[in-house]
Amino acid sequence: GTCLIRWKSSGINAEYGGIGEAIAVKCARDGANVVIAAKTAEAHPKLPGTIYTVAEKIEKAGGTALPCLVDIRDEGAVNNAVNEAVSKFGGIDICINNASAISLTGTADTPMKRFDLMMGINTRGTYCVTQACLPHLKKSSHAHILNNSPPLNMNAIWFQNHVAYTMAKYGMSMCVLGMAEEFRRNKIGVNAIWPATAIATAAVEMLGGDAMIKGSRTPEIMADAAYAILSRDPATCTGNFFIDEEVVKAEGITDLDQYHHSPGTPLFPDFFIGDEYPAPEAIEGGEAPASSGGAAEMMSKFSPLLTPDVIDKLQLVFAVDFGDQTWTFDLKNKGTVSDKDDTPPDVTFEMTQDVFKKVIKGEIQTTAAFMSGQMKIKGNLMEAMKLESLFKKMRSKL
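Summary of the structure given here. (Residues numbered from 1 in each chain as written. Predicted model: local features only at pLDDT ≥ 70, side-chain atom pairs only at ≥ 80, totals over all residues. Heavy atoms only, no water.)

Some thoughts on the sheet that holds strand 12 (residues 347–350)
Two pairing modes exist for strands in a sheet, parallel and antiparallel, and in both the strands are linked by backbone hydrogen bonds.
Next, step 1: Sheet architecture is open: five strands sit in the order 11-10-9-12-13, paired in mixed fashion. With partners counted over all chains shown, the strands left at the sheet margins are strand 11 (336–338) and strand 13 (376–379), one partner each. Looking at each pair of strands side by side, their axes are set apart by 15° on average, direction ignored.
Next, step 2: Relative to strand 13, strand 12 runs antiparallel, the two sharing four bridges. (Pairing = 2+ DSSP bridges. Helix = DSSP H or I, 4+ residues; strand = E, 2+ residues; numbered from the N terminus. Axes fitted to C-alpha atoms, helices over the stretch in contact; angles between N-to-C directions.)

And the structure:
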């Protein structure tokens, strides 16, 4: 969500149970007035929390909260929330753009409605909220704009699998690049913050399960980093693409294990940092591929389970490439598993047979295997995640 703050007396785009909420509560401990501008008034079944539960936490932490039900794609609603914030708190010192939509899909698999959603919330929403806050930020003696967006890494690997999402997130980062210079003379600090690792939020748990949560840091590292940035002089602290762990280290915090959800577990690096998809050093890629005969025996167990009901629900053709052979699962038309099927797959998984067995048994989730570098995925990443539910249903029968 978006957060608008009256500093020391502060507004925010808060993500419930996540990064935005943690930042809001951190500021509230210092007496900030916080406006939570987001569109969730009723709890999502898988993403707990609403603007009202976040407001309650802000109040308990010592701040004053103003929850505003806002779709940041609606310019009128944004302007109303900003006016309400100014009326209640007397001004706006800080604008935190944290709201985001994600779809890790390629060009052919990203409907324009989904494209518009990501661009509307991530890029346009950030621009709209910032624009609405601008007259009030110019009057502040301590004005900051902080976007939760990545450094502008132009390596093609961060575009090739999900160009629409990357465009939408980089749009937020381009706002930082341009607005930092545009508003330098107004002494408004404009910066970005991005986590070095996965962050343990409800959304990440839904995506990657317990394995990914254990390999994450808590939202508190982002809150501590954001607070440090927002405490700096906006006249000189501007135009930066901060990484959370670098900020807290600069503040003298050397024990990063305090932020580790499960200390001792390898951390999952986040997207857009470095030149490769994340792969924790301590996670092995699995054993050498098993024999062809072993693969045939394993795949033969799937065929009886590919019922018309399964095919009707998934409508997906995926391939598993073990390096020496490729098996195609046709869950769209034929309901077959074969190493001699030339049907073009919607998604191709590249991994060893050992890793495939672990995924099937539930020892590692599809997302966690992908994020840890044990599996490569070509095609529609969001469609690929559907297979987790398929494997879960089949585990007791395989």
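Structural notes on helix 11 (residues 353–361)
Next, step 1: Listed as buried for helix 11 are Gln353, Asp354, Val355, Phe356, Val359 and Ile360.
Next, step 2: At the C-terminal side of helix 11, Gly362 shows a positive phi close to 85°. (Buried < 20%, exposed > 50% of the residue type's maximum accessible area, 1.4 Å probe, protein only.)

Points about the environment of Ala28
Next, step 1: Here Ala28 lies in helix 1 (residues 19–28).
Next, step 2: Between the C-alpha atom of Ala28 and that of Ala65, which follows or precedes it by 37 residues, the distance is 8.6 Å.
Next, step 3: Apart from the residues lying within four places of it in its own chain, the contact partners of Ala28 are Ile58, Ala61, Gly62 and Gly63. (Contact = heavy atoms within 4.5 Å.)

Details of the side chain of His144
Next, step 1: Along the chain, the position of His144 falls in strand 6 (residues 143–148).
Next, step 2: Residue class for His144 comes out buried when judged on its relative accessible area of 1%.
Next, step 3: Side-chain polar atoms of His144 contact the backbone oxygen of Arg232, separated by 2.9 Å.
Next, step 4: Residues within four places of His144 in sequence aside, it is in contact with Asp93, Ile94, Cys95, Leu137, Gly189, Asn191, Ile229, Leu230, Arg232, Asp233, Pro234 and Cys237. (Polar contact = N/O pair within 3.5 Å; in protein donor to acceptor, adjacent residues only side chain to side chain.)

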